[in-house]
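A structural walkthrough
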There are 2 protein chains.
Amino acid sequence: MSIGVFDSGIGGLTVLKEIRKVLPNERIYYLGDTARVPYGEKTKELIIGYSKEIVEFLLEKGVNAIVVACNTATALALKELKEIFKVPIIGVIEAGARTAINTTKNRKIGVIGTKATIKSGKYEEEIRHYRIDVEIFQKACPLFVPAVEEGILSGKLVNQIIKTYLDDFKEKIDTLILGCTHYPLLKDAINKLYPDIEIVDPAKETALDLKDILKKEKLLKNDAPNEKVKYYVTDGKEKFKKIGIMFLEENIQKVELIRL
Amino acid sequence: MSIGVFDSGIGGLTVLKEIRKVLPNERIYYLGDTARVPYGEKTKELIIGYSKEIVEFLLEKGVNAIVVACNTATALALKELKEIFKVPIIGVIEAGARTAINTTKNRKIGVIGTKATIKSGKYEEEIRHYRIDVEIFQKACPLFVPAVEEGILSGKLVNQIIKTYLDDFKEKIDTLILGCTHYPLLKDAINKLYPDIEIVDPAKETALDLKDILKKEKLLKNDAPNEKVKYYVTDGKEKFKKIGIMFLEENIQKVELIRL
């Protein structure tokens, strides 16, 4: 019994970190599709195709549940994956939407993410499942991912980037959803610029949702107390290890290169 | 008789534009590998594999010469492509190096490009073919490509990005090679910040080199006076058309989606 977690690349490690906290004794396989990263500006059709290939790979490893630890793949492919595969598959958007609803006081919520995530309107859809009377302000922030991958997390440049995208929001929203798994690394910088805005990172709630589902489906095994996560990438093992530590806050010992 | 031009995506259109100027009456096939863009942080092995697939596709279309209109693919795969395929194949780096040598007065040359291009050391190698006694300053500028694709070509943010990477250079070099086909769109912004630095865009010289080679090999046909370029992409036809105009400075009417 084990859990498969995937992302277009490295960002999903922010979700993996939270899953490890609530489910420390489960076997986990993580796949980062680093050969084809980023997904954020690609078409729905392509992202569905890539996601299917990844889920098939993880199922061959014997996983019993899948976490789509990527907002873009959740937004564009989760519905289709659920239709095709029988194991529980959860994404990051529902948890993020729910947390935002529980956080906001003025019912004005900001959502930031990749172009594909924002264009999909999935966060808006999920938020309105919980409440109709909210105002939602959405914006794609395409420079955030390259800034994070460069390790540009504080200082003049990242502040200028953040302000370019978010200054519009500051008088409006009281809650901001980080709708991309890279963005939690900018949380401190955003918080300093806009201390009155509550920042929602969907990773924590996603991990708790996963635990609930596995419990309900009797898929929790608790049988791998010292098991390390098994990591697979489709390109660039060394880069994954090197940057991964920034996201995971622990060392990645071993990564296997695969071709999809 | 026709010419194949390829890039990881859209940047190669800056090279195509120059080729069209010097060879307006040749048939041209352009392929942008938009499903797998960007190449700039991927491994050599992967980029060679992708480039081979693309050259095979273009050869099936009947092209007699290939232009690798991508600095990263030139840096990492040109040598291997030339060993495998028999048609003339030219990249963008040699022309850029030669132009820089002919431009510099203080023999201090800056080279900027993607991480993979800079790491390859190919510009340095080519520059030193021409002259040993030059100082070469190299830097990867990973935020330039996303800034350009966002259309952030002037203003406070792009100035901050440019200064972050290039302020180190300003007292040193008199010549700067734009070692990535996206960067010509930042030429004006760079020029305003550093008016004393001569900027070299390898595209023009590459196009002239191509003409010379085709002449020498008797491959010039001059038989397609009103032929439009045939465009192929591996994802996102609409985005390619929309952003393409910024690079090509003319409309792209028709794009065909292919899978490699």
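Reading the values: the criteria
Residues numbered from 1 in each chain as written. Chains lettered and ligands numbered in written order. Predicted model: local features only at pLDDT ≥ 70, side-chain atom pairs only at ≥ 80, totals over all residues. Heavy atoms only, no water. Phe/Tyr/Trp six-rings, centres within 6.5 Å; stacked < 30°, edge-to-face > 60°. Helix = DSSP H or I, 4+ residues; strand = E, 2+ residues; numbered from the N terminus. Buried < 20%, exposed > 50% of the residue type's maximum accessible area, 1.4 Å probe, protein only. Lys NZ or Arg CZ within 6 Å of the ring centre and 35° of its normal. UniProt positions renumbered as here; feature names shortened; annotations may be inferred. 1 Å grid on protein atoms, 1.4 Å probe; cavity = no way out; pocket = protein on both sides within 12 Å on 5 of 7 lines; lining within 4 Å. Contact = heavy atoms within 4.5 Å. Domains from an automatic or database assignment. Salt bridge = Lys/Arg side-chain N within 4 Å of Asp/Glu carboxyl O. Pairing = 2+ DSSP bridges. Axes fitted to C-alpha atoms, helices over the stretch in contact; angles between N-to-C directions. Buried area = accessible area lost by both parts, 1.4 Å probe. Polar contact = N/O pair within 3.5 Å; in protein donor to acceptor, adjacent residues only side chain to side chain. Nonpolar A, V, L, I, M, F, W, Y, C, P; charged D, E, K, R; others polar. Least-squares fit on C-alpha atoms with pLDDT ≥ 70 in both.

As a further point, take the packing of aromatic side chains. Following the criterion strictly, the structure yields 18 aromatic pairs over all chains and no others. With a centroid separation of 5.5 Å and 85° between ring planes, the pair formed by B:Phe144 and B:Tyr165 is classed as edge-to-face. Of the two residues, B:Phe144 sits in helix α7 (residues 144-149) while B:Tyr165 sits in helix α8 (residues 156-166), which places them 21 residues apart along the sequence. Looking at B:Tyr165, the relative accessible area reads 6%, which means it is buried. When the centroid spacing of 5.1 Å and the interplanar angle of 75° are considered together, the rings of B:Phe144 and B:Tyr183 count as edge-to-face. Pair noted here: B:Phe144 is in helix α7 and B:Tyr183 is in the loop between β7 (175-179) and α9 (187-193), with a separation of 39 residues, a long-range link. Taken individually, B:Phe144 and B:Tyr183 each receive the classification buried, so the pair is uniform in this respect. Among the aromatic residues, those joined into a cluster by ring pairs are A:Tyr29, A:Phe57 and A:Tyr232. If you follow A:Arg36 out to its NZ or CZ, it ends over the ring of A:Tyr50, 3.7 Å from the centre.

Residues and elements named next belong to chain A. Residues annotated in UniProt with the feature "binding site: substrate" (unreviewed entry) correspond here to Asp7, Ser8, Tyr39, Gly40, Asn71, Thr72, Thr181 and His182. In terms of the greatest pairwise C-alpha distance, the residues named above, spread along 176 residues, form a tight cluster of at most 12.4 Å across. Lining the second largest pocket, from the set of annotated residues above, are Gly40. Checked against the element boundaries, Asn71 lands in helix α3 (residues 71-84). According to the relative accessible area criterion, Asn71 is buried, its value standing at 4%. In this view, Asn71 contacts Val92, Ile93, Thr117, Tyr123, Leu178, Gly179, Cys180 and Thr181; residues no more than four positions away in its chain are not counted. With respect to the helices, strands and loops of the structure, Thr72 is situated in helix α3. Residue Thr72 is classed as buried on the basis of its relative accessible area, which comes to 5%. Residue contacts for Thr72: discarding those within four places in its chain leaves Tyr39, Gly40, Ile47, Thr114, Ala116 and Thr117.

The next subject is the domain arrangement of chain A. Residues and elements named next belong to chain A. Domain annotation for chain A reports domain 1 (2-91 + 204-257) and domain 2 (93-202). Between domain 1 and domain 2, the C-alpha centre-to-centre distance is 22 Å. Listed per partner, the contact involves 26 residues of domain 1 and 24 residues of domain 2. If you look at where domain 1 meets domain 2, you find four salt bridges. Of the charged contacts, one joins Lys115 and Glu41 as a salt bridge, the two residues approaching to 4.0 Å between their closest N and O atoms.

Our next topic: the sheet that holds strand β5 (residues 108-113) of chain A. All names here are of chain A. Pairing within the open sheet is parallel, and its four strands lie in the order β6-β5-β7-β8. Of all the strands in the sheet, the pair left with one neighbour each is β6 (135-140) and β8 (198-200). Neighbour-to-neighbour, the strand axes of this sheet turn through a mean angle of 20°, independent of strand direction. One ladder, built from six bridges, connects β5 with β6; its direction is parallel.

Across the boundary between the two partners, chain B contributes 30 residues, which contact 30 residues of chain A. Among the residues of chain B in contact with chain A, B:Leu143, B:Glu150 and B:Leu157 are the three that bury the most area, contributing 23% of the side total. Applying the counting rule to chain B against chain A returns six salt bridges. Linking chain B to chain A there are 10 residue pairs in polar contact (both at pLDDT 80 or more). Elements with a contribution of two residues or more to the side of chain B that touches chain A: α2 (44-60), α7 and α8 of chain B. Of all the elements, α8(B) adds the most residues to the side of chain B that touches chain A, at six residues. Class assignment of the residues belonging to the side of chain B that touches chain A gives a composition of 14 nonpolar, five polar and 11 charged.

If you rotate chain B by 180° and push it 0.0 Å along the axis, it lands on chain A with an RMSD of 0.0 Å. These values place the two chain copies in the arrangement generated by a two-fold rotation axis. When each C-alpha of chain B is compared by its distance to the rotation axis, B:Arg36 comes out closest, at 2.6 Å.

Our focus in this paragraph is the UniProt feature "active site" (unreviewed entry) in chain A. Residue and element names in this part refer to chain A. The sites that carry the UniProt feature "active site" (unreviewed entry) are, in the present numbering, Cys70 and Cys180. Taken along the chain, the residues just named run across 111 residues; in space they keep tight, none of their C-alpha pairs more than 6.8 Å apart. Positionally, Cys70 belongs in the loop between β3 (65-68) and α3. If sequence neighbours within four positions are ignored, Cys70 has contacts with Phe6, Asp7, Ser8, Tyr39, Val92 and Thr181. Turning to its location among the elements, Cys180 is positioned in the loop between β7 (175-179) and α9 (187-193). Among all residues touching Cys180, those that are not within four sequence positions of it are Asn71, Ile112, Gly113, Thr114 and Val145.

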